[in-house]
Amino acid sequence: MKKWGVSLVSSAVLGFALTARAQTGAAPTPAAAPPPPAAPYSQPASPAAAPGAEPPPPAGAPPPVSAPATDQEGRPGAPPPPPGPPPPMQEATYAAPPPAYAAAAPMPAPAEDRHAYRHDGFYLRFGIGAGYGRVVGEGTLDFGSPASGISGSSDFTATYTGGGPAYELLIGGTVARGLVIGGGLVGQDISRPKVQLDSAGLTTTGQIRGDSALGVGALGPFIEWYPDETGGFHLGGMVGFAIIGLNESSGGGGSIWAGYDFWIGKQWSMGPELRGAWASGKWTPVGQTREADESGSTYELVLSFVYH
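So, about the overall build of the protein. When helices and strands are tallied, the protein shows one helix and 11 strands. Per-residue burial over the protein gives 27% buried out of 308 residues. Intrachain contacts of the protein at a sequence separation of at least 6 include 63% that bridge at least 24 residues. With the model as given, the accessible surface of the protein reaches about 21400 Å², and the carbon-plus-sulfur share is 65%.

Across eight bridges, strand 6 (residues 213–225) lies against strand 7 (residues 233–244) in antiparallel orientation. Opposite L219, over in strand 7, you have F241 as the bridge partner. What sits between the antiparallel neighbours strand 7 and strand 8 (residues 249–260) is a turn of four residues, in which L246 has the positive phi angle 75 degrees.

As a further point, take the side chain of T159. Positionally, T159 belongs in strand 2 (residues 150–176). Once residues within four sequence positions are removed from consideration, T159 is found in contact with R134, V135, V136, K194, V195 and Q196.

Attention now goes to unusual backbone geometry. Phi is mostly negative for residues that are not glycine, and the peptide bonds are mostly trans. Unusually for a residue other than glycine, Y117 sits at a positive phi of about 55 degrees. In this structure, Y117 sits in the loop between helix 1 (2–24) and strand 1 (122–145). The phi dihedral of R192 is positive, around 45 degrees, even though this residue is not glycine. With respect to the secondary-structure elements, R192 resides in the loop between strand 3 (179–191) and strand 4 (194–199).

Quick look at the packing of aromatic side chains now. Considering all chains together, one arrives at eight aromatic pairs under this definition. With a centroid separation of 6.3 Å and 50 degrees between ring planes, the pair formed by F122 and Y307 is classed as tilted. Here F122, found in strand 1, pairs with Y307, found in strand 11 (residues 292–307); they are 185 residues apart in sequence, far enough to count as distant. Between Y123 and F222, the ring centres sit 5.7 Å apart and the planes meet at 40 degrees, which makes this aromatic pair tilted. Here Y123 is found in strand 1, whereas its partner F222 is found in strand 6, with 99 residues between them in sequence.

On to the pattern of salt bridges, then. Under the definition given, this model contains nine salt bridges. Between E229 and R118 there is a salt bridge whose closest N-O contact spans 2.7 Å. Note that E229 is positioned in the loop between strand 6 and strand 7 and R118 in the loop between helix 1 and strand 1, a separation of 111 residues in sequence. By relative accessible area, which is 11% here, E229 ends up buried. The partly exposed category is assigned to R118, whose relative accessible area is 27%. Two residues, R177 and E229, come together in a salt bridge whose shortest N-O distance is 3.0 Å. Highlighted residues: R177 in the loop between strand 2 and strand 3 and E229 in the loop between strand 6 and strand 7, separated in sequence by 52 residues. Among the charged side chains, a salt-bridge network with shared partners connects R125, E168, E224, D261, E273, R275 and E300.

Of all hydrophobic cores here, the largest spans 13 residues; its most connected members are V135, F156, Y160, L214, I244 and A279. Taken together, the elements giving at least two residues each to this core come down to strand 2, strand 6, strand 7 and strand 10 (268–283). Ranked by the residues each element gives to this core, the list is headed by strand 2, at three residues. V186, A218, Y226 and V306 belong to the second largest nonpolar core, which has 10 residues in total.

So, how was this worked out
Along each chain, the written sequence defines residue order, and numbers are assigned to residues from 1. Residue-level local features of this predicted model are given only where pLDDT is at least 70; pairs of side-chain atoms are given and counted only at 80 or more, and the full residue set underlies all totals for whole chains, interfaces and linings. Excluded from the side-chain calculations are hydrogens and water; all other atoms, namely the structure's heavy atoms, are used. Working definition: helices are DSSP H or I runs of at least four residues, strands are E runs of at least two. Numbering for both runs from the N terminus. In this scheme, a residue with accessible area under 20% of its type's maximum is buried, one over 50% is exposed, and one in between is partly exposed, where area comes from a 1.4 Å probe on protein chains only. The contact criterion used is simple: two residues touch if any of their non-hydrogen atoms lie within 4.5 Å. What sets the accessible areas is the Shrake-Rupley method with a 1.4 Å probe; for residues, cover comes only from the shown protein chains. Here a strand pair is declared whenever DSSP counts at least two bridges between the two strands. Under the pairing criterion, centres of Phe, Tyr and Trp rings, with the six-membered ring standing for Trp, must be within 6.5 Å; the plane angle then separates stacked pairs below 30 degrees from edge-to-face pairs above 60, leaving the rest tilted. Here a salt bridge means any side-chain nitrogen of Lys or Arg lying within 4 Å of a carboxyl oxygen belonging to Asp or Glu. Residues belong to a common nonpolar core when they are buried Ala, Val, Leu, Ile, Met, Phe, Trp, Tyr or Cys residues joined through side-chain atoms within 4.5 Å.

Written as structure tokens, this is what we have:
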């Protein structure tokens, strides 16, 4: 009995000594791992309160604020580090818009047509109008025969006058500023002319009937000049071969004219033109052996069209 009591006492002393050493000199036990982050708060079902425990918070109340974390010795944890300085401001830069939104380049201006409304290059003139003409034929008529013992001669003058259509066709090109040269035809017909015949002191008048016409025309080279190559006033002249119809006389002749062309397009113009023409030739009257002289002149107003 005494032996068991000593053993119990020794065990109690040894346990007390070990407990005191652990509280004073033993190394601290490692700290427990921090708790995992709290899950989003949701209203849990209210369990039955245990006897002596605090009642649960009312429904809809915010969750309790957890105590700040502590270190291993139970002191509150250090506050979080202050926020760093804000990032430096960057200077705004302008970026060019994408090609789809870039302003479209202006359309190039159309090339100026330096030939428009200017008298240069190829030249074409044609026109029609009306005029008055006069043709005079002079010669000597022989009558009778030596065999009959009756013969003689008499001078005569035949004059033809009247009006009729006038026409022109000129083709050429510009050789200098406002200067045109080329070739063409100008003329006038005297429709159903009146005739006056003077011979041997006698005067006879009449008129040619039917569709007969006495034509006066000239064919040859011409020259025309525009003092202002962008304007309309022009002067022209022609010399060349001439013919007088009805009696089929031929010789030389010519024409002069002046007018004004109004622009109706970049190259086209039109306008009135005053023109005078003359012609001369020789012919042989029917039944005669001597030639007669014939000359004619015309005065015309023409509406002409020009490509130039």
